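This is what each chain is made of:
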Amino acid sequence: KEKIDVILAANMRSSFLLSRIKNEVSVNGTVVFPIADWNELQLLHNKWSFARLLTDNDIPIPETRILEKADQLKDLRLDFPLVVKPIDRGKKLGVKVLSSKEELLSHLASEKDGSQLPLLLQEYIPGMDIDLNLLAEKGVVRAWSIQKWVNDQTLEFIEHEGILDIGKKIAAASNYTGVAHFDMRLDSRDGSVKVIECNPRFWGSIRASLWNGINFVEAGIKICKGERLPERLENKKINFRLPSKILSEIMRGNFGVIFKTPRHSLMDVWQIVSDPLSCFCQISAKIIKKQTIQ
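Peer 1: What should I look at first to understand a nonpolar patch on the surface in this one?
Peer 2: Taken together, the side chains of Phe255, Ile258 and Phe259 present a nonpolar region at the surface, about 360 Å² in accessible area. By secondary structure assignment, the location of isoleucine 258 is in helix α9 (residues 257-260). Given a relative accessible area of 33%, isoleucine 258 falls into the partly exposed group.

Shown next, in the form of structure tokens:
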């Protein structure tokens, strides 16, 4: 009726919906962006099932346990600090780094959003955040980028064969189709890589990958239309400063940031300023969600 060419899911909730109805809406020339079946999405989205998938396939992961009942604590050997998180939430909601058993007990008794059982207890890995972004089709990685957090404002795109191999193993083990973002840590103690969790959906910093040369949306559309992708996609190895940080500096009167910021980051800011509706909708949704939680 609406002559829609491509349907894609923008977040986790719509991903689960589209995974169920993708065959029903793939009609009259409309195609669905590559997306996994519901069970595959759940396997990667649920932090406990994802941890077991990694363990079963000898993929490096922090020591991870599930706490389903509070009385399990007396039988668990726990090393602190540790990370506690809900097993089925995203965007770091409910994630806490706790330094003692007393803090853990206080967190469980707080009844705050994200403190309800079951919870995942995960070894804290000292080091640097590093992320793998990918697009896969039936267990084969078709496009990817690897980004390292220089600080809370800047991403650096790099190449790392070990991290890419980990992504290929996970995609193959789950026969995954679609986009995914993997949170990892570079362990400062020995330089090893540990996989923390997976978000089988589009991620918040996807615009940075676009400026780095990888257009994941375009690549997925080509796949669902049966078009070929190049075997090796571009990696410009750029540093990308988050637009929210640049705009915050400018609004505080620090106009010198304009001359210190890479051109592609400034162009990204200009795109947002020149077409602010989507950004406004996103901010409004966050405010409404925060008020609802409170």
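Peer 1: So what exactly am I meant to see when it comes to the packing of helix α1 (residues 12-25) against helix α2 (residues 38-45) here?
Peer 2: Packed helices, taken two at a time, are described by the angle their axes make and the gap between the axes. Where α1 meets α2, the axes come as close as 9 Å, and the angle between the chain directions of the two elements is 155°. Overall, the two elements α1 and α2 adopt an arrangement that is roughly antiparallel. Residues Met12, Ser15, Phe16, Ser19 and Arg20 of α1 lie in contact with α2, whose contacting residues are Trp38, Leu41, Gln42 and His45. A per-class count over the contact of α1 with α2 returns 4 nonpolar, 4 polar and 1 charged.

Peer 1: Can you walk me through the pattern of salt bridges in this structure?
Peer 2: Two side chains that carry opposite charge are able to pair once their charged atoms sit near each other. Scanning the model with the defined rule gives 13 salt bridges in all. Glutamate 137 is paired through a salt bridge with arginine 142; the nearest N and O atoms lie 2.3 Å apart. Judged by its relative accessible area of 27%, glutamate 137 is partly exposed. Overall, arginine 142 belongs to the partly exposed group, its relative accessible area being 23%. Taking the shortest distance from any N to any O, the salt bridge between arginine 252 and glutamate 249 comes out at 2.8 Å. One continuous salt-bridge network, built from bridges that share partners, spans Glu123, Asp187, Arg189 and Lys194.

Peer 1: Could you clarify how one ought to interpret the sheet that holds strand β6 (residues 119-123) in this entry?
Peer 2: Note on sheets: strands pair through backbone hydrogen bonds, and any given pair is parallel or antiparallel. Ordered in space as β3-β6-β4-β5, the 4 strands form an open sheet in which the pairing is antiparallel. In the strand order of this sheet, the two ends are held by β3 (64-67) and β5 (96-98), each with one partner. Each neighbouring strand pair of the sheet contributes to a mean axis angle of 30°, computed without reference to strand direction. Sheet analysis places β3 next to β6, joined by 4 bridges and oriented antiparallel. The residue bridging arginine 65 from the neighbouring strand is leucine 121, located in β6. The strands touched by helix α3 (residues 47-56) within the sheet are β3, β4 (82-86) and β6, with β3 carrying the most contacts at an inclination of about 150°.

Peer 1: Can you help me understand the pairing of strand β7 (residues 127-137) in this one?
Peer 2: Side-chain positions along a regular strand alternate between the two faces of the sheet. Note: β7 against strand β10 (residues 178-187), 10 bridges, orientation antiparallel. Along β10, the bridge assignment pairs alanine 136 with glycine 178. The hairpin formed by β7 and strand β8 (residues 140-149) contains 2 residues between the paired strands, and lysine 138 there has a positive phi angle of roughly 50°.

Peer 1: Looking at this structure, how should I read the environment of methionine 12?
Peer 2: Locating methionine 12 in the fold gives a position in helix α1. The sequence separation of methionine 12 and histidine 45 amounts to 33 residues, and the corresponding C-alpha distance is 8.6 Å. When near neighbours in sequence (up to four residues on either side) are disregarded, methionine 12 contacts Leu41, His45, Pro200 and Arg201.

Peer 1: So what exactly am I meant to see when it comes to the packing of aromatic side chains here?
Peer 2: The relative placement of two aromatic rings is captured by the distance of their centres and the angle of their planes. Tallied over the entire structure, the rule returns 5 aromatic pairs. Between phenylalanine 202 and tryptophan 203, the aromatic rings sit 6.5 Å apart at their centres with planes inclined by 40°, giving tilted as the arrangement. On the basis of relative accessible area, phenylalanine 202 is assigned to the buried category, the value being 13%. On the accessibility criterion, tryptophan 203 (5% relative accessible area) is buried. Between tryptophan 203 and phenylalanine 216 the ring centres are 5.0 Å apart and the planes differ by 80°, which places this aromatic pair in the edge-to-face class. Of this pair, tryptophan 203 sits in the loop between β11 (193-199) and α6 (206-212) while phenylalanine 216 sits in helix α7 (residues 216-224), placing them 13 residues apart in sequence. For the residue pair tryptophan 203 and phenylalanine 216, the accessibility class agrees, reading buried in each case.

Peer 1: Teacher, can you tell me more about the pairing of β4 here?
Peer 2: Judged by how many residues are buried, β4 sits mostly within the fold: 5 of 5 residues are covered. Here β4 runs beside β6; their pairing, made up of 5 bridges, is antiparallel. Opposite leucine 82, over in β6, you have glutamate 123 as the bridge partner.

Peer 1: Honestly, the nonpolar core in this entry has me stumped. Any pointers?
Peer 2: If you look at soluble globular proteins, the nonpolar side chains tend to sit buried side by side. Ranked by internal contacts, the top residues of the largest apolar core, which has 36 residues, are Phe50, Leu132, Leu134, Ile170, Phe182, Met184 and Val195. Broken down by secondary-structure element, the contributors of at least two residues to this core are α1, α2, α3, β7, β8, α5 (161-174), β10 and β11. It is α5 that contributes the most residues to this core, 5 residues altogether. One finds Ala143, Val179, Leu229 and Leu233 within the second-largest nonpolar core, a separate group that totals 13 residues.

Peer 1: It is not clear to me how helix α4 (residues 101-109) should be interpreted in this structure. Could you clarify?
Peer 2: Helical geometry: 3.6 residues make up each α-helical turn, so side chains three or four residues apart lie on a common side. Taken together, the buried positions of α4 are Leu104, His107 and Leu108. Across the axial projection of α4, the buried residues extend over an arc of 95°, all falling on one side. Seen from the buried face of α4, the exposed residues on the opposite side, beyond 90 degrees, are Glu102 and Ala109. Contact partners of the buried residues in α4: β3, β4, β5 and β6. Count one or two residues on from α4 and you reach glutamate 111, which has phi positive near 55°.

Definitions and cut-offs
- Residues numbered from 1 in each chain as written.
- Predicted model: local features only at pLDDT ≥ 70, side-chain atom pairs only at ≥ 80, totals over all residues.
- Heavy atoms only, no water.
- Patch = residues over 30% accessible without salt bridge, like charges linked within 9 Å, V, L, I, M, F, W, Y side chains within 5 Å.
- Areas by Shrake-Rupley, 256 points an atom, 1.4 Å probe, with all protein chains shown as cover.
- Salt bridge = Lys/Arg side-chain N within 4 Å of Asp/Glu carboxyl O.
- Helix = DSSP H or I, 4+ residues; strand = E, 2+ residues; numbered from the N terminus.
- Buried < 20%, exposed > 50% of the residue type's maximum accessible area, 1.4 Å probe, protein only.
- Axes fitted to C-alpha atoms, helices over the stretch in contact; angles between N-to-C directions.
- Parallel < 35°, antiparallel > 145°, perpendicular 65-115°, else oblique.
- Contact = heavy atoms within 4.5 Å.
- Nonpolar A, V, L, I, M, F, W, Y, C, P; charged D, E, K, R; others polar.
- Pairing = 2+ DSSP bridges.
- Phe/Tyr/Trp six-rings, centres within 6.5 Å; stacked < 30°, edge-to-face > 60°.
- Core = buried A, V, L, I, M, F, W, Y, C linked by side-chain atoms within 4.5 Å.
- Arc of directions from axis to C-beta.

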